[in-house]
Amino acid sequence: MSDTPSATAELTLPKDLAAEKGMVNVQIDGVWHQFPKGMRMIEACRSAGTIVPHYCYHPKLSAPGNCRMCLVQMGMPPRPAPGQEPKRDEYGYEPIGWMPRAVIACANTISENMGIRTTGELVEKCREGTMEFLLINHPLDCPICDQAGECRLQEHSVEHGRGASRFVDIKVKKPKNVDIGPRIRLDNERCILCSRCIRFMDEVAGDPVLGFTQRGTHTTLTVHPDRLLDSNYSLNTADICPVGALTSNDFRFQMRVWFLKETPTIDVNCGTGTNITVWTRNNTIHRITPRQNDAVNSCWMPDSHRLNFHYIDGEARFNQPLVKNGVLHDPIEWSDALNRAAEKLKPLAPGQIAILASGRMTNEELHLTRKLAETLGTSLVSLVPRFAECDGMLIAADRNPNTTGAKLVLGTEDPFAKLDAIRDGVRDGSIKALLVFGEDIITDAGFHFSDLAKLDYLLQTHILANPTALASHLVLPGAAFAEKRGSMVNLTGRIQRLNRAIEPPDQARDDWEILRDIIATVSGEKSDLHAIEDVFKSLAGSISALEGLTLSKIGHQGLSVTETGYQVPLLEKERQRKL
Amino acid sequence: MPDILQILILIVKIVALTFCVVLPLVPISVYFERRFCAVIQDRVGPNRTGIPLTLLGFKKDFHFFGLIQPVADGVKLFLKEDFTPSYVRKAFYWMAPALTVAPALITVCVIPFGSPISIFGSEQKLVIADLDIGPLFVFAISSLTVYGITLAGWSSNSKFSLIGGVRSTAQMISYEICLGLSIIPVLLYYGDLNLSKIVQNQADNGWLLLPLWKGGHLGLPDLQTALFLIPAFIAFLIFTISIFAETNRMPFDLPECETELVGGYHTEYSSMKFALFFMGEYAAMVIGSALIVTLFLGGWSVGFGMDKWINDLHIGSFQFGGLIHLMAFLVKLIVFILFFILVRWTVPRFRYDQLMKLGWVIFFEAALVNVFLAALIIAAPQLTAAIIGGGAVLLIAVTAAVIWVAMVSEAKPKIRRA
Amino acid sequence: MAVVKLQRPKLNAGEKIYFGAILKGFFITMSHAVRSLLGKTTGAKDLASSGLGVTMQFPEQRWDNQLPEYYRGAPTLVIDEQGRERCVSCQLCEFICPPKAIRITPSEIPTDDKWAKVEKRPIEFDIDMIRCIYCGMCEEVCPEQAIFLRKDYLVTGHTRAEMVHDKKKLYEIGGIRTGLVNKWNELK
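Throughout what follows, the structure given in this document is the object of discussion. A quick note: this is a predicted structure, and the numbers were derived from the prediction, not measured.

About the criteria used
- For every chain, the first residue of the written sequence is number 1, and numbering continues from 1 onward in sequence order.
- Written order determines the labels here, with chains lettered from A and ligands numbered from 1.
- Confidence filtering applies because this is a predicted model: local features only for residues at pLDDT of at least 70, side-chain atom pairs given and counted only at 80 or more, and all residues used for totals across whole chains, interfaces and linings.
- Just so you know, side-chain values use all the structure's heavy atoms and leave hydrogens and water out.
- Put simply, DSSP marks the helices as runs of H or I at least four residues long and the strands as runs of E at least two long, and each gets a number from the N terminus on.
- Note on exposure labels: buried denotes an accessible area under 20% of the residue type's maximum, exposed denotes more than 50%, and partly exposed covers the range between, all computed with a 1.4 Å probe on protein chains only.
- Contacts are assigned to residue pairs with any non-hydrogen atoms lying within 4.5 Å of each other.
- Pairing between strands is defined by DSSP: at least two bridges between the two strands are required.
- For helices, the fitted line uses only the C-alpha atoms of the stretch in contact; every axis is such a line through C-alpha atoms, and the angle between N-to-C directions lies from 0 to 180 degrees.
- Using only the protein atoms, space was sampled on a 1 Å grid; points where a 1.4 Å probe fits but cannot get out form cavities, open sets with protein on both sides within 12 Å along at least five of seven lines form pockets, and lining residues are those with an atom within 4 Å of a point.
- Grid points are joined across faces, edges and corners, and a volume is the space filled by probe spheres set on the points.
- Side-chain classes are defined by residue name, with Ala, Val, Leu, Ile, Met, Phe, Trp, Tyr, Cys and Pro counting as nonpolar, Asp, Glu, Lys and Arg as charged, and the others, Gly among them, as polar.
- Throughout, buried area stands for the accessible area (probe radius 1.4 Å) lost by two parts on being put together, summed over both.
- Whenever a carboxyl oxygen of Asp or Glu lies within 4 Å of a side-chain nitrogen of Lys or Arg, that contact is scored as a salt bridge.

## Digging into the environment of R509 of chain A
Residue and element names in this part refer to chain A.
And then number 1: Locating R509 in the fold gives a position in the loop between β22 (494-498) and α16 (511-523).
And then number 2: By relative accessible area, which is 25% here, R509 ends up partly exposed.
And then number 3: In this structure, the C-alpha to C-alpha distance between R509 and E533, residues 24 residues apart in sequence, is 17 Å.
And then number 4: Those residues within four positions of R509 in sequence are excluded, and the remaining contacts are W334, P477, G478, A479, I514 and D517.

Structure representation (structure tokens):
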């Protein structure tokens with residue numbers, strides 16, 4: 001019996017094992033891993049838990065490899081002479097011949113039996129040199145730069161830089177404070193020429209207005225002559241800018257990022273349900289940025305949605321219940337307000353009461369709306385439709401964020417169906433009382449002031465002053481999207497979670513609590529719903545698609561609960577680019 | 001009519017001696033305490049509180065060494081919110097401060113403040129009640145203070161108060177024994193329990209600790225009196241230290257030990273109720289000092305044979321020598337209070353086990369032996385030399401035995417190894 | 001954690017009686033008292049006190065001239081020789097401040113300003129002197145040499161609002177400071 005040679009020959013080699021699955025073996029910092037073929041080295045390192053420092057590389061964009069920060073040491077097995085079997089170690093891997101020079105990890109792909117070193121003298125020297133070159137012309141104005149605190153240059157300088165400058169010449173002066181678009185400000189001195197913004201505008205936004213002019217150290221980022229960076233996705237360039245060259249006019253000099261608390265939640269401006277992070281301090285929202293979710297919005301969000309939060313702490317916010325007294329409204333206590341509403345609603349016959357809910361309400365609120373309708377005995381429940389043009393990227397035609405959820409929760413295919421019937425009922429006087437939740441029906445649902453004047457009782461919950469409120473007998477202050485918790489189902493059928501970033505102002509309450517209290521006051525029974533989790537439990541028990549779910553199980557990335565066949569156009573485009 | 005006059009005179013005495021002599025001593029001793037501890041610690045102490053004359057247009061405020069400070073303290077304590085926590089047992093909680101301060105003030109009635117004053121031929125003693133059981137009355141009444149403190153500790157319904165109250169009870173009961181035993185030699189020596197007579201005796205025949213005159217004539221004491229200085233000094237030492245323990249003063253203030261018990265039994269008290277405890281403590285200190293002065297340091301006597309001469313001073317029929325004696329008594333009292341304060345800021349606090357050991361193992365035995373020693377010295381003239389020698393041997397044997405027992409009781413048990 | 005067993009010192013018979021130590025204590029406390037009362041307290045001269053203790057009689061006597069260079073009084077903002085307010089509202093002091101006494105509202109410098117190139121300055125800068133603990137972290141952390149702790153220690157007021165030093169007050173106390181690094185003066 002011979003010992004080893006025949007035994008190794010029979011042994012299945014790791015490369016064959018990996019190839020069966022379409023994978024390759026890569027050694028990263030001395031540990032062997034398996035990754036899919038064609039993966040970029042930088043991604044492989046990230047999967048292995050090592051983040052290679054980089055500036056120009058972005059996973060959703062092409063990789064030009066121009067920042068040179070992601071240099072790593074690479075090694076391949078030596079090519080055997082013809083007819084010679086390659087040497088293998090006891091596990092079947094070939095020895096790696098390390099290359100004497102570093103390669104960039106972002107533009108190279110992995111191959112079988114490749115070795116990558118992300119540390120070591122060579123790599124560290126390379127990074128230090130790159131950092132020194134980048135900092136040659138970079139101004140040291142971190143105290144005034146908005147990027148400070150989330151600046152890659154700062155972070156990598158601390159981690160990989162030299163600590164002191166050897167540069168004695170005068171730094172190159174470039175234009176500062178350049179107005180390149182309505183929402184973006186450019187500081188060319190801070191630009192490290194990574195070209196992320198140029199590639200984003202070209203590849204994702206489809207509006208290639210940015211580019212470099214000049215050469216060498218004088219290279220300058222500019223906007224195309226006669227054009228402005230005015231795309232509705234322009235603020236994403238400020239997000240991906242690794243330094244403070246591109247900053248948002250809206251957030252500029254407002255607050256240092258290290259004071260801000262990040263709350264992951266979702267956008268409610270359209271049916272896409274873009275994942276966002278809300279940045280707050282002291283109960284004030286300072287900015288909103290997109291949060292990566294490859295099944296919803298990739299890494300991006302439209303400017304119009306991003307900037308639509310200033311109304312939350314605006315002048316027009318309702319902060320206490322108002323009751324109509326003649327033409328004007330007077331403040332009133334919550335308990336009084338609810339009791340008065342119940343008094344008015346109780347004597348009415350079920351057919352005389354209608355409910356107009358909103359597609360901007362969460363599943364929990366819609367669930368309680370259904371419960372309220374059951375308590376009042378009415379079947380006249382409708383949502384207000386809100387349709388506009390789809391921009392072919394992230395903004396969906398359906399501007400209600402929770403139409404799919406409403407379909408599930410209310411158990412109807414067309415939640416808007418009864419709107420016309422209700423409008424007619426109000427006009428001909430058969431409907432005596434109308435409960436409007438979170439909608440301005442004069443502006444959005446085709447009601448006229450004169451129609452509403454015919455009603456015996458009109459109750460509205462809303463967050464902002466609006467024409468319908470003027471006609472309402474009772475106005476209850478609700479909570480804005482950043483002030484409440486709950487869940488919504490987006491157009492693709494994905495249930496996602498809203499989280500509370502700030503507290504509602506003054507006496508304003510979470511909408512589900514208002515609904516719960518109205519039900520309790522009308523029915524005279526004490527509610528056993530104490531937290532939003534209780535409502536979700538009750539909701540999940542009544543809908544098969546949500547069975548077994550809880551709010552915490554939804555997670556920050558959401559879960560697909562129903563099939564709608566809807567595709568987010570931007571994700572479609574991204575997929576095509578990859579092919 | 002004479003009865004009513006007697007009662008009126010009694011009331012005048014009570015008001016004058018209790019409320020015009022002893023009670024003002026309390027804030028004054030607080031002031032002295034603060035100023036004296038300040039100079040000991042190289043500070044200044046309260047020197048600002050005065051009459052703010054600048055508010056009235058004068059150039060300078062009237063400070064007078066901050067002597068108004070006690071008044072300000074009192075006003076502050078009166079005006080503070082009197083807070084009663086909701087969880088206390090109210091009746092006892094309210095009773096406790098009164099039970100602490102009242103006995104201290106009652107004991108004042110047997111202290112002779114001066115020699116008798118006579119006006120228009122009627123002689124009035126400067127003592128409220130000239131009882132024939134003086135020291136016993138003081139011990140009987142002052143031991144009631146322990147009820148106040150115990151009730152305060154228990155009714156406050158707080159762990160700190162309770163521990164403070166329990167410590168106080170144990171401590172006061174323990175030291176009462178030494179207190180009582182330690183003055184037996186003194187009482188044996190005088191053969192009398194009436195404090196006025198004891199003081200008069202000292203005025204005539206020399207103070208107990210300073211027997212330098214006899215029958216109004218200066219001179220060295222005879223052998224017996226000189227020998228009696230030994231038990232007298234031991235009695236003085238034990239009595240003084242026990243008074244420290246009885247009044248919860250440093251170094252025995254474990255019932256209100258701040259580092260361990262926040263405020264001890266008065267943790268939950270505020271405003272005037274707290275002030276009553278405070279007053280009770282200082283009044284006890286004043287009475288304790290008065291007792292020591294009376295028993296050992298000649299009371300109101302000025303000494304050196306001058307007392308008779310002072311007694312005879314008169315303007316017309318008004319013999320005012322008693323007032324000079326009152327002054328002498330107060331001076332001695334204040335010096336002793338200063339001594340109390342000096343001890344407080346010099347000697348660190350004892351541990352509770354050390355305190356108990358000191359009381360039960362050392363002072364109790366020492367006081368007992370001292371009684372026999374004193375008895376032997378007093379009875380010596382009537383006895384034969386053989387009996388005296390036998391008694392002395394017996395005493396030494398007993399003392400040795402007591403010391404041996406004390407040492408054995410102190411020795412740590414040896415750890416037996418199996 | 002290692003357990004350290006301490007051995008109580010062995011006392012001899014004399015020490016066990018305590019009296020020697022207590023008498024020694026009396027001697028020490030009394031000597032302090034006597035020296036105090038005679039106006040000869042040790043170290044009284046160095047502190048310019050009356051000699052009755054080492055305590056200085058505060059409102060009449062001040063120690064202002066003896067304050068050491070490193071004394072940390074009220075924090076203030078300063079202006080440099082060019083008349084430029086040094087603070088660029090980077091909010092690092094607000095971040096580092098242990099009792100959270102500092103509150104800054106940043107703003108942009110208008111383009112027609114002489115120092116428009118600095119871009120940023122505080123529009124409001126409040127230091128709550130009730131909260132301030134005079135630790136000097138703000139001075140240490142300031143990258144612009146804009147905030148300094150001065151020797152003012154008499155920070156008093158009748159209301160809480162009065163105790164909040166606003167931007168105007170801070171510059172008023174701080175005044176002009178010369179000899180600072182002027183990185184914004186180079187040609188830009």
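## Focus on the sheet that holds strand β5 (residues 164-165) of chain C
Residue and element names in this part refer to chain C.
And then number 1: Spatially, β2-β3-β5 is the arrangement adopted by the three strands of the open sheet, whose pairing is antiparallel. Single-partner strands in this sheet number two, and they are β2 (102-108) and β5.
And then number 2: In the sheet, strand β3 (residues 120-128) pairs with β5 via two bridges, with the strands oriented antiparallel. Bridging from a neighbouring strand, D128 pairs with V164 of β5.
And then number 3: Contacts from helix α5 (residues 167-174) reach β3 and β5 within the one sheet, and its direction differs from that of β3 by about 85°.

## Here we look at empty space enclosed by the protein
All names here are of chain B.
And then number 1: In the structure shown here, the tally under the stated rule is nine cavities of 30 Å³ or more.
And then number 2: Looking at the largest cavity, it is lined by 22 residues, and the ones nearest its centre are S142, T145, E246, T247 and A284.
And then number 3: Elements with a contribution of two residues or more to the lining of the largest cavity: α3 (90-106), α4 (134-142), α5 (145-155), α6 (159-182), α9 (223-246) and α11 (271-296).
And then number 4: Along the lines of polarity and charge, the residues of the lining of the largest cavity split into twelve nonpolar, eight polar and two charged.

## Describing the environment of V52 of chain A
Residue and element names in this part refer to chain A.
And then number 1: Along the chain, V52 turns up in the loop between α3 (41-47) and β3 (71-76).
And then number 2: Note: C-alpha distance between V52 and M361 (309 residues apart in sequence) is 43 Å.
And then number 3: Look past the residues within four positions of V52 in its chain and what remains in contact with it is I42, C45, C70, V72, T118 and R127.

## With respect to the interface of chain C and chain A
And then number 1: Contact residues are listed per partner, giving 21 residues for chain C and 21 residues for chain A.
And then number 2: Interface area for chain C against chain A, summed over the two sides, is near 1,600 Å², with a carbon-plus-sulfur share of 54%.
And then number 3: In this structure, the connection of chain C to chain A is made through five salt bridges.
And then number 4: A salt bridge links E108 of chain C to R252 of chain A; the nearest nitrogen and oxygen atoms lie 3.5 Å apart.
And then number 5: Ranked by the residues each element gives to the side of chain C that touches chain A, the list is headed by β2 of chain C, at four residues.

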